[in-house]
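Close look at the chain arrangement
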Amino acid sequence: KRFPFFPLFFPSFRPFHVEPTNIVSVNDDAQRVTDEASAMNKRIHYYSRLTSPADRALIAPDHVLPAPDEIYVYSPLGTAFKVDSCTDGYGKNSSLVTIFMIWNTMMGTSILSIPWGIKQAGFTSGIILILLMGILTLYCCYRVVKSRQMIPLTDTSNWEFPDVCKYYFGSFGQWSSLLFSMVSLVGAMVVYWVLMSNFLFNTGKFIYNFVHDINVTDIVPGTNGSNKVICPSAASGQPPQNRSVMFSSGNRTGFELFEEWWDKSQTVPFYLIAVLLPLLNLKSPSFFAKFNVLGTVSVVYLVFLVTVKAAHLGIHLEFNWFTENEFFVPEFRILFPQLTGVLTLAFFIHNCVITLLQNNKNQENNVRDLSIAYFLVGLTYLYVGVIIFASFPSPPLSKECIEQNFLDNFPSDDIMSFVARIFLLFQMMTVYPLLGYLARVQLLRQFFGNAYPSLVHVLILNLAIVGAGVAMARFYPNIGGIIRYSGATCGLAFVFVYPSLIYMISLHRAGQLTWPALIIHIFIILLGLANLIAQFLL
């Protein structure tokens, strides 16, 4: 820690294999050094478990050896970024940094589908469900944090939640947690591929039309004026292509050729293969960790975009509690489980929350910091979802026109939406290899004991993952549907079943299990099961 330049002169130095140093505590300063060494060794041990010693992708990052005036945050997606604040200088994070880490990790692509989910559930029931799902998933997350502390072993400080599942359920817990973890990872990668295809298509369409001075009127209903909002679903059952009915340029043949080779579902998803498949096969994707801050920038910009659009469009609400009319949806709809499926993934952090909280400076504040982070995440989802739904111009358009990706409600020539798509496209292209690396580490290491057994093994796995993304972008480009299916599936295990079962087993072994606790947690399990089943019925 005192010599951050040491690895520069000794490149072969690998902190993963340094044995813990036993320091005798003789006074307060010595005790602090002991705590510092202990914290560092725990973190090094955790990183070393994610990959083989020959793989430098997860070599101890700079924040293991922090400079006195800076701190680095490590997210469970393998990304490291610097936060311009200070800790106590002994490897511990302040509550503010811990809250930001949790918020930044939970905020993802689900935010794009929250307005659609509110439309599916109804405005009033949508708000209520966001609040209730936030509280329920927070409670289950709290049970995950406490689950490790309830194990009667001397040292479980390096355990993650899958380790806890293995302790309670044996090999079934180990392999089932791997399965559901892969569902969440592959589901996220499929959603990313669909969104990247969408963003790349609209970005290319904007650039081509701008360069060739083509004024295009899409064959979709929409509002007039400078802040145009469109309704792609009213034109056809599929998202709109680059078809047009009016040109200011006479080069119709060139435009039609562009339309043929630049198609949202027919061609663009395949173009991404040439860029992303080679990146997935890299042994070390650590270079892309430097761009993690783009995720925060993208969310902040989306909030800014929503605010500006709402200020120009105004509020368009009409409360119809159970009846539907031409422009508005009822306040309560039977399709509400579609929103709960999206929210299960939107609030999902349960498989990595122990990692995020273990280096909190004041461990007694973990519950408070976790609650504040969940409150901020829920507030962000509520703000974006409610503002988009309320400001959607009805009439002349119906609220049913709100798309599963709300950016699709803005035409490709909208400047602010174009900037948002550029931000999100670049951010997702840098995160995608990291997700693929995590999937490779978790799966191949379980079966072959090595995260990179050979190029053939890695290539086959990556082809399967990329093939799933291309197939979904080609035949089922509905991110709301993909998010709710994957969210309800992995959430059943990590959010509802495992935390509740582990808590009940722990109470039973301690002779403290009561009927109210048993009934409440069985009810939580049944809610998770009903949430999954409902996704396939509605």
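In the block above lies the structure referred to throughout.
These notes cover the structure that comes with them. (Residues numbered from 1 in each chain as written. Predicted model: local features only at pLDDT ≥ 70, side-chain atom pairs only at ≥ 80, totals over all residues. Heavy atoms only, no water.)

**Considering unusual backbone geometry**
Cis peptide bonds are those with omega within 30 degrees of zero, and the linkage from Ser 394 to Pro 395 qualifies with -15°. Position of Pro 395 among the secondary structure elements: in the loop between helix 13 (366-391) and helix 14 (415-448). Following Pro 395, the chain continues to Pro 396 via a peptide bond in cis, the omega torsion being 15°. Inspection of the secondary structure puts Pro 396 in the loop between helix 13 and helix 14. (Helix = DSSP H or I, 4+ residues; strand = E, 2+ residues; numbered from the N terminus.)

**Concerning the packing of aromatic side chains**
Scanning all chains against the criterion turns up 21 aromatic pairs. Between Tyr 167 and Tyr 168 the ring centres are 5.1 Å apart and the planes differ by 90°, which places this aromatic pair in the edge-to-face class. On the basis of relative accessible area, Tyr 167 is assigned to the partly exposed category, the value being 29%. Ring centres of Phe 206 and Phe 418 lie 4.1 Å apart, and the angle between their planes is 25°; this geometry places the pair in the stacked category. (Phe/Tyr/Trp six-rings, centres within 6.5 Å; stacked < 30°, edge-to-face > 60°. Buried < 20%, exposed > 50% of the residue type's maximum accessible area, 1.4 Å probe, protein only.)

**Side note on the state of the cysteines**
Enumeration according to the criterion identifies one disulfide in this entry. Two residues share a disulfide in this structure: Cys 231 and Cys 401, whose sulfurs sit 2.0 Å from each other. Since a negative S-S torsion denotes a left-handed disulfide, the Cys 231-Cys 401 link at about -80° is left-handed. Taken together, the residues Cys 231 in the loop between helix 6 (161-211) and helix 7 (232-235) and Cys 401 in the loop between helix 13 and helix 14 connect sequence positions 170 residues apart. Each member of the pair, Cys 231 together with Cys 401, is buried. The thiol of Cys 140 is not disulfide-bonded; the next cysteine sulfur, from Cys 141, is found 8.7 Å away. Lacking any disulfide linkage, Cys 352 is separated from the closest cysteine sulfur, that of Cys 141, by 8.3 Å. Assessed through its relative accessible area of 10%, Cys 352 is described here as buried. (Disulfide = S-S within 2.5 Å.)

**A short note on the packing of helix 14 against helix 15 (residues 455-475)**
Closest axis-to-axis distance for the helix 14/helix 15 pair is 11 Å, and the angle between their directions is 125°. What the angle tells us is that helix 14 and helix 15 run oblique. Judged by the twist between their axes, the crossing of helix 14 over helix 15 is right-handed. Contacts between helix 14 and helix 15 involve Tyr 432, Ala 439, Arg 440, Leu 443, Leu 444 and Phe 448 on the former and, on the latter, His 457, Val 458, Leu 461, Ile 465 and Val 466. (Axes fitted to C-alpha atoms, helices over the stretch in contact; angles between N-to-C directions. Parallel < 35°, antiparallel > 145°, perpendicular 65-115°, else oblique. Left-handed = near helix turned anticlockwise from the far one by under 90°. Contact = heavy atoms within 4.5 Å.)

Read these as layout, nothing more, since geometry by itself doesn't imply function.
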